[in-house]
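# Analysis of the macromolecular model
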Amino acid sequence: MQAPVLDVKKLKTSFFSDDGEIPAVDDISFSVKKGEILGIVGESGCGKSVTSLSIMKLVPQPPGKIVSGEILLNGENLVPVSERRMRQIRGNEIAMIFQEPMTSLNPLFKIGEQLIEAIKIHKKGNKKEFEKQAVDMLKLVGLPRAEGIMNEYPHQLSGGMRQRVMIAMALSCGPKLLIADEPTTALDVTIQAQILALMKSLNEKLDTSIVMITHDLGVVADICQRVIVMYAGKVVEEASVLDIFKNPKHPYTMGLLQSVPDIRNKQDRLYSIPGNVPKPGSITTGCRFAARCEFVHDRCLADDPPLYAVEEAGHHTVRCFLHDTGGNGHHD
Amino acid sequence: MLAYTIRRILSLIPVLLGLSLIVFFMIRAIPGDPAQIILGQLATKEAVAELTKQLGLDQPWFVQYFTYLGGLFTGDLGESIKTKSAISEEIWPYLAATLELSFCAIAIAIFVGVNAGIISAWYQNSWFDYIAMVLALIGVSMPIFWLGLMEQWVFAINLDWLPTSGREEVRNPISSITNIYMIDTLIQGRFDQLWDVIKHLILPSVALATIPMAIIARITRSSMLEVMRSDYIRTARAKGLRMFWVVYKHSLKNAIIPVLTVIGLQTGLLLGGAILTETVFSWPGMGRYIVDAISARDYPVIQSGILVIAFIFVMINLIVDLLYAAIDPRIKYN
Ligand SMILES: Nc1ncnc2c1ncn2[C@@H]1O[C@H](COP(=O)(O)OP(=O)(O)OP(=O)(O)O)[C@@H](O)[C@H]1O
Ligand code: SF4
Ligand SMILES: [Mg+2]
């Protein structure tokens, strides 16, 4: 098997306040292979955005800080590198797009200026070449009248067009990895589908790996190959998309799936599991899902379950004592 | 942008008319008969009637007003009772002195205030932030008058670094062309005098700049803090842009919009503050011109002096409005 583009190992990112340390991302590991689209799903507040900002090393510090773990980008650990090196990586090797296309572009600069800036930071060339490349990117993401849009301001574009601009900007330096933090959540259904199709086609065309963060399992079904399910800062299940839908193991994943009657009906949000995501750091002993789990038993309240490998499948792990068959614990 | 500019300028016409009306009636609301007051209690009835006629005060108010307004349109501000010369001519040296002082003061206030605010926001909760904000808090509540005296005491009297008062060295007088001494000395190539002018400007400018500087620093800081939390700033950082450009390009352009409002208002207030500062530093500006006119009951001068200051205030706000539109593309469209 090929070496992964991104390999996150035991990452822990905490926020420090007067109340002490709040581990928003607690000991998570995953990897993304070349050309792969990995989904990260979970309810609001489970630490998806903090995970992606940690990879970019853009967690607001203070109060946030990467406490431990490794983030390997093609083998280079990003956790200890300098800000200077990170600036070379951001936008060039790892790019990111965000949830809110309405506010993710600077309202006071023309689209062209913002695109050219993104290219100029990392590439050599003259004004003409930058401009041509910017226009080409706008065409690549399927925007009509690309030349005209170069001279427009963000408020003159619709949400879907702005998200296309964001994608054009993110891909303009040919990054190996694109992190998309809920890129379609703020868009209406038809535009959502178009943006997902665009990302899928660019993934195939450019061979860019994608980390797709979402709380919508429909999105996962549409474009991801593998998925990790996060709960309260931890990975609770990891499997191929097929296994997650056909053979979910964690009670939380099953709950997520049950609350989507038809995965193609993307209008439905997931949350009908009773109870709420616990505040990170509020549960110190036992399984973090125990309060909402219908299978909860004594052991769940006493110990924190490790990740267990699910036997029949390929790479399928689950953080739940129900799947302890003795000897299959990863203890991480 | 051009259409917007023209629209904004046209919209000033009613403002300026209203302004001239207010000043006109304000002067006339001062109790007592001006002619009588000017000539004193012992003047004869005939002399008072003569002067009343001469001043045009025997006419109905609207005739007086339109005569005055007509004069304004041709740049005629009336005639001083005391010196008998045209106000439009004798006002300029005073106005130039005030403009030069105010310009230096607002330039200092903006430069120091905006940068202190930016750095405080960038390094929020650092020692720089704490010290700057404590100083700003002290600055806002500083009486300029007292500050001016303290400056003189420390830097002029005790340390003898800078002159106590005035605009120029008496032994080395400046031959004025524009009456803006920094420009005059520059075009004459008299750099020794330019240095003199700057030395004279420092203390009064700093005194005058203190309050607006403190206010601008605080507003800039809070505006920057808000902008720096926004999504597009995260986007700029995610591109790999250096923090310096993230702050001074992407953040500042957005954060400066609310600061501009404050700068406009503070520049107006500064003109008021200038009168106080001019008194402390014996600065021969509009403050002295108007105060002298008040003690001489020189009504036309008081009226025109106030009108000129008010006119500048309106112009500054026009400039601020146009700057908004130049910075924010969204303004023109709604
Ligand atoms: N700036 C911050 N200061 C303190 N705590 C924070 C900060 N940002 C995030 N957190 C904590 O991290 C937790 C995870 O937040 P995160 O934004 O990663 O959630 P998310 O999974 O992306 O949710 P959503 O679906 O709403 O985007 C939050 O519950 C919050 O407690
Ligand atoms: S470990 Fe226990 S509480 Fe946690 S998910 Fe499994 S059964 Fe539920
Ligand atoms: Mg999020």
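Reading the values: the criteria
Residues numbered from 1 in each chain as written. Chains lettered and ligands numbered in written order. Predicted model: local features only at pLDDT ≥ 70, side-chain atom pairs only at ≥ 80, totals over all residues. Heavy atoms only, no water. Near = heavy atom within 4 Å. Polar contact = N/O pair within 3.5 Å; in protein donor to acceptor, adjacent residues only side chain to side chain. Areas by Shrake-Rupley, 256 points an atom, 1.4 Å probe, with all protein chains shown as cover. Nonpolar A, V, L, I, M, F, W, Y, C, P; charged D, E, K, R; others polar. Core = buried A, V, L, I, M, F, W, Y, C linked by side-chain atoms within 4.5 Å. Buried < 20%, exposed > 50% of the residue type's maximum accessible area, 1.4 Å probe, protein only. Helix = DSSP H or I, 4+ residues; strand = E, 2+ residues; numbered from the N terminus. Phe/Tyr/Trp six-rings, centres within 6.5 Å; stacked < 30°, edge-to-face > 60°. Pairing = 2+ DSSP bridges. UniProt positions renumbered as here; feature names shortened; annotations may be inferred. Patch = residues over 30% accessible without salt bridge, like charges linked within 9 Å, V, L, I, M, F, W, Y side chains within 5 Å. Salt bridge = Lys/Arg side-chain N within 4 Å of Asp/Glu carboxyl O. 1 Å grid on protein atoms, 1.4 Å probe; cavity = no way out; pocket = protein on both sides within 12 Å on 5 of 7 lines; lining within 4 Å. Points joined across faces, edges and corners; volume = space filled by probe spheres on them.

## Description of the site of ligand 1
Residues and elements named next belong to chain A. Every one of the 15 residues lining ligand 1 counts as a neighbour, but Ser44, Gly45, Lys48, Ser49 and Val50 are closest to it. Between an oxygen atom of ligand 1 and a side-chain N or O atom of Ser44, the distance comes to 2.4 Å. At 2.7 Å from an oxygen atom of ligand 1 is found a side-chain nitrogen or oxygen belonging to Ser49. For ligand 1, the protein covers 66% of the area, taking 630 Å² as the surface of the free molecule.

## So, the site of ligand 2
Taken together, the neighbourhood of ligand 2 is formed by 13 residues, with Cys287(A), Cys293(A), Cys300(A), Cys320(A) and Phe321(A) sitting nearest. Split into classes, the residues belonging to the shell around ligand 2 amount to eleven nonpolar, two polar and no charged.

## Points about the nonpolar core
Within the largest apolar cluster, 98 residues are counted, with the highest numbers of intra-cluster contacts made by Phe30(A), Ile94(A), Leu138(A), Ile167(A), Ile179(A), Met199(A) and Met212(A). Top element by residues in this core is helix α6 (residues 159-171) of chain A. It accounts for seven residues. The next biggest cluster of nonpolar side chains, apart from the first, holds 42 residues, and it includes Ala105(B), Val114(B), Leu252(B) and Ala255(B).

## Concerning unusual backbone geometry
All names here are of chain A. In the Ramachandran plot, Asn74 falls in the positive-phi region, its phi being about 45 degrees despite a non-glycine side chain. Summarising the element assignment, Asn74 is placed in the loop between β4 (64-73) and β5 (76-77). With a phi close to 40 degrees, Arg145 is a non-glycine residue in the positive phi region. Along the chain, the position of Arg145 falls in the loop between α4 (127-140) and α5 (146-150). A relative accessible area of 46% means that Arg145 is categorised as partly exposed.

## A word on the packing of aromatic side chains
Residues and elements named next belong to chain B. Following the criterion strictly, the structure yields 16 aromatic pairs over all chains and no others. Between Phe25 and Trp61, the ring centres sit 5.2 Å apart and the planes meet at 55 degrees, which makes this aromatic pair tilted. Of this pair, Phe25 sits in helix α2 (residues 12-28) while Trp61 sits in helix α5 (residues 61-73), and the two are 36 residues apart along the sequence. Judged by relative accessible area, which is 46%, Trp61 ranks as partly exposed.

## With respect to the sheet that holds strand β8 (residues 209-214) of chain A
All names here are of chain A. A sheet is described by the order of its strands in space; here eight strands give the open sequence β6-β7-β8-β3-β9-β10-β12-β11, paired in mixed fashion. Because the sheet does not close on itself, it has two edges, and the strands there are β6 (94-97) and β11 (308-309). Across two bridges, strand β10 (residues 234-240) lies against strand β12 (residues 317-318) in antiparallel orientation. In the sheet register, Glu238 faces β12, and the bridge partner there is Thr317.

## Observations regarding the UniProt feature "domain: ABC transmembrane type-1" (unreviewed entry) in chain B
Residues annotated in UniProt with the feature "domain: ABC transmembrane type-1" (unreviewed entry) correspond here to residues 95-324 of chain B. Taken end to end, residues 95-324 of chain B is 80% helix and 0% strand, and its first and last C-alpha atoms sit 27 Å apart.

## Comments concerning the pairing of β6(A)
Residues and elements named next belong to chain A. Across the two faces of β6 the burial is the same, with Ile94 and Met96 and Ala95 and Ile97 all buried. Direction of pairing for β6 relative to strand β7 (residues 177-181): parallel, over a ladder of four bridges. The partner of Met96 across the bridge, within β7, is Ile179.

## Overview of the UniProt feature "domain: ABC transporter" (unreviewed entry) in chain A
UniProt tags residues 6-257 of chain A as "domain: ABC transporter" (unreviewed entry). Helix makes up 39% of residues 6-257 of chain A and strand makes up 28%, while its end C-alpha atoms are separated by 28 Å.

## Some words on a nonpolar patch on the surface
Residues and elements named next belong to chain B. A cluster of nonpolar side chains, Leu2, Ile6, Leu10, Ile13 and Leu17, forms an exposed patch at the surface whose accessible area comes to about 480 Å². Ranked by residues supplied to the nonpolar patch, first place goes to helix α1 (residues 2-10) with three residues. Residue placement: Ile6 occurs in helix α1. Judged by relative accessible area, Ile6 falls into the partly exposed class, the value being 44%.

## Let's talk about the layout of surface pockets
When its volume is computed, the largest pocket comes out at roughly 1,200 Å³. Along the walls of the largest pocket sit 31 residues, with Val59(A), Pro60(A), Gln61(A), Pro62(A) and Arg237(B) positioned nearest its centre. For the lining of the largest pocket, the secondary structure elements donating two or more residues are β4 and α2 (83-89) of chain A together with α6 (87-122), α10 (191-228) and α11 (231-238) of chain B. Among the elements that take part in the lining of the largest pocket, α11(B) stands out by supplying four residues, more than any other. Arg28(B), Leu55(B), Gly56(B), Leu57(B) and Pro300(B) are, among the 27 residues lining the second largest pocket, the residues nearest its centre. Sorting elements by how many residues they give to the lining of the second largest pocket places α5(B) first, with five residues. Across the lining of the second largest pocket, the residue classes break down as 13 nonpolar, ten polar and four charged.

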